[in-house]
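In case you want the letters, here they are:
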Amino acid sequence: MPRAIVFKGDETWELREVPKPALRPGCAVLRVEAVGICHSDVDQFRGHAPVPSGGVFPAVPGHEIVGRIDEITPEAQAQFGVREGDRVGVRSVVRGPTGSRVYGFDFPLDEGSGLFGGYADYMELVPGSEVHRLRDDLPATELTVYECLTNAITWIRSVQPGQTLVVEGPGHMGLAAIVGARAAGAGTIIVTGLAGDRLRLDTALEVGADHAIDVENEDVVARVAEITGGAMADVVLDAASGNPVTLKTAMRIARTGATIVAAGMKDRLLDGFDVSQIPLRHLTIAPGGGLDLAGACTMINEGKVPTGVLHGASFPLEQFEDALALADRRVPGQDAVRVSLKVA
């Protein structure tokens, strides 16, 4: 019997046996192979779904989904451009007649099969979905990094060839941004993180960063000035989650006329933010928004992404609690650049 994990919104979960979804008009059924875990899943587990709607509970989570088309209607085949058996990455946001919804967050259990997230053996793909074919010669857990890239390559579009980029936060989104920026021709790439981010900072150097700064043991402003000969950063990507202090740091390491991309989700309001610096120094504050599924999957299919390095650690579906603990950095002495669930 197929399985699905259900989040209840109160830091509890349940592994259920569920029937395979019936093929509905205009839809497809996906056989899930793997799904990535990101910090938004951790927040969702705690009852705070970081999507515009606030999410629904209970629900099947998972939005970084790789799988194979198991069944598909003619209408969906024409819309999605794929056939049965194709391996695909799934765009997390679905465009529907009443607006947009996010797989893994916005679909209740009493709609259709209730299987609209990747923490399950099967899920439904509804009209308005977008999928893109992925290569067959890599493990599905590695391919789940496509979803990080869908965001990251839109975040760094303001970086021009030869410019200096600082990425605050060496999590899987920051690492994906480094890969995208290097492929796009960025000049100098600097990554910043905490002392506990050593594995991630080292990985950043491996995938394309030129310099890594431990902000707890180094003066980040002085180091950026030293690296850039005093010119400072052309673009600062704040990809750090949690403490919003990184936005204030971004203001200090950005040159006059620079762009700051605010992407990382914060868990509190920001005190001491000097708004007057924006007009005085002609700074552009850009939102870290946008999804480019085709661009991300194409980069992977063309071998431009070190998926093995970015992959991190993977667990079987039934070991979800272990996977979540590692993704939430609650395992003493252990860290991973990323965590995924191997479903099939």
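Residues numbered from 1 in each chain as written. Predicted model: local features only at pLDDT ≥ 70, side-chain atom pairs only at ≥ 80, totals over all residues. Heavy atoms only, no water.

Engineer: Which parts of the structure should I look at to understand the side chain of Thr 246?
Structural biologist: Among the secondary structure elements, Thr 246 is positioned in helix H8 (residues 245-253). In this structure the side chain of Thr 246 is engaged in a polar contact, spanning 2.8 Å, whose partner is the side chain of Lys 266. If sequence neighbours within four positions are ignored, Thr 246 has contacts with Glu 168, Asp 238, Ala 240 and Lys 266. (Helix = DSSP H or I, 4+ residues; strand = E, 2+ residues; numbered from the N terminus. Polar contact = N/O pair within 3.5 Å; in protein donor to acceptor, adjacent residues only side chain to side chain. Contact = heavy atoms within 4.5 Å.)

Engineer: Whenever I open this one, the state of the cysteines confuses me. Can you help?
Structural biologist: Note on terminology: disulfide describes a covalent bond linking the sulfur atoms of two cysteines. Under the definition given, this model contains 0 disulfides. Not part of a disulfide, Cys 297 finds its nearest cysteine sulfur in Cys 148, a span of 12 Å. (Disulfide = S-S within 2.5 Å.)

Engineer: How should unusual backbone geometry be read in this particular structure?
Structural biologist: Where the residue is not glycine, phi is negative for most of them; where a peptide bond is considered, it is trans in most cases. Cis geometry marks the peptide bond from Phe 57 to Pro 58; its omega dihedral reads -5 degrees. Unlike most non-glycine residues, Glu 11 shows phi in positive territory, near 65 degrees. Here Glu 11 is to be found in the loop between strand S1 (3-7) and strand S2 (13-17). With phi around 60 degrees, Arg 329 is a residue other than glycine that occupies positive phi space. With respect to the helices, strands and loops of the structure, Arg 329 is situated in the loop between helix H12 (320-327) and strand S17 (339-342).

Engineer: What's the story with the side chain of Asp 214 in this structure? I'm lost.
Structural biologist: Among the secondary structure elements, Asp 214 is positioned in strand S12 (residues 211-214). Arg 198 is the oppositely charged side chain nearest to the buried, salt-bridge-free Asp 214, at an N-O distance of 5.1 Å. Side-chain polar atoms of Asp 214 contact the backbone nitrogen of Ala 195, separated by 3.4 Å. (Buried < 20%, exposed > 50% of the residue type's maximum accessible area, 1.4 Å probe, protein only. Lys, Arg positive; Asp, Glu negative; His and termini not counted. Salt bridge = Lys/Arg side-chain N within 4 Å of Asp/Glu carboxyl O.)

Engineer: Sorry, what's going on with the layout of surface pockets here?
Structural biologist: One water molecule sets the probe size; rolling that probe over the atoms shows where empty space is left. There is about 180 Å³ of room inside the second largest pocket. Lining the second largest pocket we find 13 residues, and of these Gly 96, Pro 97, Arg 101, Val 126 and Pro 127 sit closest to its centre. Elements with a minimum of two residues in the lining of the second largest pocket: strand S6 (93-96) and strand S7 (99-102). Considered class by class, the residues forming the lining of the second largest pocket number 5 nonpolar, 4 polar and 4 charged. (1 Å grid on protein atoms, 1.4 Å probe; cavity = no way out; pocket = protein on both sides within 12 Å on 5 of 7 lines; lining within 4 Å. Points joined across faces, edges and corners; volume = space filled by probe spheres on them. Nonpolar A, V, L, I, M, F, W, Y, C, P; charged D, E, K, R; others polar.)

Engineer: Any chance you could explain the nonpolar core here in plain terms?
Structural biologist: Soluble globular proteins tend to pack their nonpolar side chains together in the buried interior. Formed by 88 residues in total, the largest nonpolar core has its most connected members in Tyr 103, Leu 125 and Leu 237. Looking at which element gives the most residues to this core, the answer is helix H5 (residues 172-183), with 7 residues. What Leu 125 contacts, discounting residues up to four positions off in sequence, is Cys 27, Ala 28, Leu 30, Ile 69, Phe 80, Val 90, Tyr 103 and Val 131. Formed by 17 residues, the second largest nonpolar core is a distinct cluster that contains Val 166, Ile 190, Ala 258 and Leu 283. (Core = buried A, V, L, I, M, F, W, Y, C linked by side-chain atoms within 4.5 Å.)

Engineer: So what exactly am I meant to see when it comes to the sheet that holds strand S10 (residues 165-168) here?
Structural biologist: Strands belonging to one sheet form pairs held by backbone hydrogen bonds; the direction of such a pair is parallel or antiparallel. Spatial ordering of the open sheet is given by S12-S11-S10-S13-S14-S15, a layout of 6 strands whose pairing is parallel. Every interior strand has two partners, whereas the edge strands, S12 and strand S15 (284-287), have only one. Each neighbouring strand pair of the sheet contributes to a mean axis angle of 20 degrees, computed without reference to strand direction. Here 5 bridges tie strand S13 (residues 233-238) to strand S14 (residues 254-262), and the two strands are oriented parallel to one another. Looking at S14, one finds that Leu 237 is bridged to Val 261. Contacting S10, strand S11 (189-193), S12 and S13, helix H7 (residues 220-228) crosses the sheet at an angle of about 160 degrees to S12. (Pairing = 2+ DSSP bridges. Axes fitted to C-alpha atoms, helices over the stretch in contact; angles between N-to-C directions.)

Engineer: Looking at this model, I keep getting lost on the packing of H5 against helix H6 (residues 198-207). Mind explaining?
Structural biologist: Angle between the axes and distance between the axes are the two parameters that describe a pair of packed helices. Close contact between H5 and H6 brings their axes to 9 Å; oriented N to C, the two are set at 15 degrees. Relative to H6, the element H5 is oriented roughly parallel. Along this stretch, H5 crosses H6, giving a crossing that reads as right-handed. Within the contact between the two elements, H5 uses Leu 175, Ile 178 and Val 179 and H6 uses Arg 200, Thr 203, Ala 204 and Val 207. Taken together, the residues that form the contact of H5 with H6 break down as 5 nonpolar, 1 polar and 1 charged. (Parallel < 35°, antiparallel > 145°, perpendicular 65-115°, else oblique. Left-handed = near helix turned anticlockwise from the far one by under 90°.)

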